Amino acid sequence: MVIMELRDLHKDFSGLKVLFGINLLLQKGEKHAIIGPNGAGKSTIFNLITGKYTPSQGKVFFKGKDITGYLPNEITRMGLARSFQITNIFRTMTVFENVRNAVLSKNNARLDVFSRLSKMNGIVEETERILSQIDLLERKNEMAGELAHGHQRAMEIGLTIATDPELILLDEPTAGMSTEETKEAIKLIERVSTGRTLVIVEHDMEVVFSLAHRITVIYYGQVLASGPPEEIRNDQRVKDAYLGEEKE
Ligand SMILES: Nc1ncnc2c1ncn2[C@@H]1O[C@H](COP(=O)(O)OP(=O)(O)OP(=O)(O)O)[C@@H](O)[C@H]1O
Ligand SMILES: [Mg+2]
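No experiment lies behind these values; they were computed from the predicted model shown.

*Asks:* Got a minute to help me understand the overall build of the chain in this structure?
*Replies:* Within the chain, the regular secondary structure consists of ten helices and ten strands. C-alpha extents for the chain along the principal axes are approximately 55 × 45 × 35 Å. Within the chain, buried positions represent 48% of all 248 residues. Across the chain, every contact between residues at least 6 apart in sequence was considered, and the portion connecting residues at least 24 apart equals 65%.

*Asks:* Can you help me understand the site of ligand 1 in this one?
*Replies:* Surveying the vicinity of ligand 1 reveals 14 residues, the closest of which are Gly39, Lys42, Ser43, Thr44 and Tyr53. Taking Ser43, its side chain carries an N or O atom lying 2.9 Å from an oxygen atom of ligand 1. The contact in question runs from an oxygen atom of ligand 1 to an N or O atom on the side chain of Thr44, over 2.6 Å. Burial of ligand 1 by the protein amounts to 65% of the accessible area it has alone, namely 630 Å². Top contributing element to the shell around ligand 1 by residue count: helix α1 (residues 42–49), with three residues. Taken together, the residues of the shell around ligand 1 sort by class into five nonpolar, seven polar and two charged.

*Asks:* Quick question: what am I supposed to make of the packing of aromatic side chains here?
*Replies:* The relation between two aromatic rings is expressed through the spacing of the ring centres and the mutual angle of the planes. Under the criterion given, the structure shown has two aromatic pairs. Ring centres of Phe13 and Tyr53 lie 5.3 Å apart, and the angle between their planes is 80 degrees; on these two criteria the pair is classed as edge-to-face. One end of the pair, Phe13, is in strand β1 (residues 2–13); the other, Tyr53, is in the loop between α1 and β4 (57–62), and 40 residues separate them in sequence. Here Tyr53 falls in the partly exposed class, since its relative accessible area comes to 29%.

*Asks:* Help me out: how do you make sense of unusual backbone geometry in this one?
*Replies:* Peptide bonds are trans in most cases, and residues, glycine excluded, mostly fall at negative phi. Its identity is not glycine, yet Ser14 carries a phi of approximately 35 degrees, on the positive side. Turning to its location among the elements, Ser14 is positioned in the loop between β1 and β2 (16–27). Its relative accessible area of 84% is what places Ser14 among the exposed residues.

*Asks:* Please clarify how the pairing of strand β9 (residues 214–219) should be interpreted in this entry.
*Replies:* When a strand is regular, its side chains alternate between the sheet's two faces. Summarising the sheet, strand β3 (residues 31–35) and β9 pair through four bridges and their orientation is parallel. Its bridge partner lying in β9, Ile34 is registered against Thr216. In this sheet, strand β10 (residues 222–227) lies alongside β9 in antiparallel orientation, the contact comprising five bridges. Residue Thr216 lies in a different strand from β10, and its bridge partner there is Ser226. In this structure, the hairpin formed by β9 and β10 is closed by a connection of two residues, where Tyr220 is found at a positive phi of approximately 45 degrees.

*Asks:* Would you explain the sheet that holds β3 in this entry?
*Replies:* Working definition: the strands of a sheet are paired by backbone hydrogen bonds and lie parallel or antiparallel to each other. Read across the sheet, six strands follow the order β6-β7-β8-β3-β9-β10 without closing on themselves; strand pairing throughout is mixed. The open sheet terminates on both sides in strands that have one partner only, identified here as β6 (80–82) and β10. Between one strand and the next, the sheet's axes are offset by a mean angle of 15 degrees, whatever the strand orientation. With respect to the sheet, helix α6 (residues 149–161) is in contact with β6 and β7 (167–171), its orientation differing from that of β7 by roughly 155 degrees.

*Asks:* Explain the environment of Leu9 here, please?
*Replies:* The residue Leu9 is located in strand β1 in this model. With 167 residues separating them along the chain, Leu9 and Gly176 place their C-alpha atoms 30 Å apart. When near neighbours in sequence (up to four residues on either side) are disregarded, Leu9 contacts Leu19, Phe20, Gly21, Ile22, Leu48, Pro55, Gln57, Gly58, Lys59 and Val60.

*Asks:* Would you mind going over α1 with me for this structure?
*Replies:* Among the eight residues of α1, seven are classified as buried, and the element is accordingly described as predominantly covered. Among the residues making up α1, those that are buried are Lys42, Thr44, Ile45, Phe46, Asn47, Leu48 and Ile49. Just past α1, the residue Gly51 takes up positive phi, approximately 85 degrees.

*Asks:* I keep staring at the nonpolar core and nothing clicks. Help me out?
*Replies:* In globular proteins that are soluble, nonpolar side chains generally tend to be buried together. In this structure, Met155, Ile200, Ile215 and Val217 are the most contacted members of the largest nonpolar core, which totals 40 residues. The residues contacting Val217, other than those within four sequence positions of it, are Ile35, Gln222, Val223, Leu224, Ala225, Ile232 and Val238.

*Asks:* Please clarify how the sheet that holds strand β5 (residues 65–66) should be interpreted in this entry.
*Replies:* Pairing within the open sheet is antiparallel, and its four strands lie in the order β2-β1-β4-β5. Of all strands in the sheet, those with a lone pairing partner are β2 and β5, marking the two edges. As judged from the two bridges shared by β4 and β5, these two strands associate in the antiparallel manner. Paired with Phe61 across the bridge in β5 is Asp66.

Conventions we followed
- Residues numbered from 1 in each chain as written.
- Chains lettered and ligands numbered in written order.
- Predicted model: local features only at pLDDT ≥ 70, side-chain atom pairs only at ≥ 80, totals over all residues.
- Heavy atoms only, no water.
- Helix = DSSP H or I, 4+ residues; strand = E, 2+ residues; numbered from the N terminus.
- Buried < 20%, exposed > 50% of the residue type's maximum accessible area, 1.4 Å probe, protein only.
- Contact = heavy atoms within 4.5 Å.
- Near = heavy atom within 4 Å.
- Polar contact = N/O pair within 3.5 Å; in protein donor to acceptor, adjacent residues only side chain to side chain.
- Areas by Shrake-Rupley, 256 points an atom, 1.4 Å probe, with all protein chains shown as cover.
- Nonpolar A, V, L, I, M, F, W, Y, C, P; charged D, E, K, R; others polar.
- Phe/Tyr/Trp six-rings, centres within 6.5 Å; stacked < 30°, edge-to-face > 60°.
- Pairing = 2+ DSSP bridges.
- Axes fitted to C-alpha atoms, helices over the stretch in contact; angles between N-to-C directions.
- Core = buried A, V, L, I, M, F, W, Y, C linked by side-chain atoms within 4.5 Å.

These results come straight from atomic positions and should not be treated as a statement about function.
Next up, the structure:
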């Protein structure tokens, strides 16, 4: 079943053409990686999906509905959440407060959940459930800004799942992480994306090839290739443009 479709998306910023006709079908439950060089247009695709920007041409469908031109909060309410390439946590609040705020925002946004979690202890429980999923329960009273970088990124993922989305978009969740932190992050992403659909923009090929069912390569605002990992790994155009030849 298709959960999202990008149909002929174009974007230009006051004359600068950034995307030239992006087409993408995303199956429900799929883990999809978007890769490509810096400036290729990957984050712009996310910004079009989430309603931050409106496409110059083309459409975005989510769960069969044309959501082109919808506001970001309307799209979030439909079950789509994203993390940002740049961390957007509140540094002077505790880890617990950061996640609780995200849980509260879901309650404001979605009445069905509000009635279920109307009691404050429901909110606390939900917050702690998310904290344990992202392995930060023991650090819940620490100031978010004082967490190690890897833990901050984990918290960012916690904020993303606080709205219990069906589709998660993660923009470079392992950026700046050590090898060890990256390994933990892969496990975390697998855990939080179980039962959901995931689109991840990622430069680390180890992360991409260990997580993704399908990979789309964006090159100068166009889809260069899209398919299962093995097909992408062996695609000559992708090797030439992006992956480079691997030495045997
Ligand atoms: N709001 C904006 N106004 C003007 N130009 C923009 C805007 N957002 C993105 N761009 C331009 O669009 C192009 C694609 O940017 P985008 O951030 O989508 O690339 P990216 O593939 O995510 O790159 P990176 O891997 O470095 O994150 C770049 O040339 C960028 O400067
Ligand atoms: Mg980007």
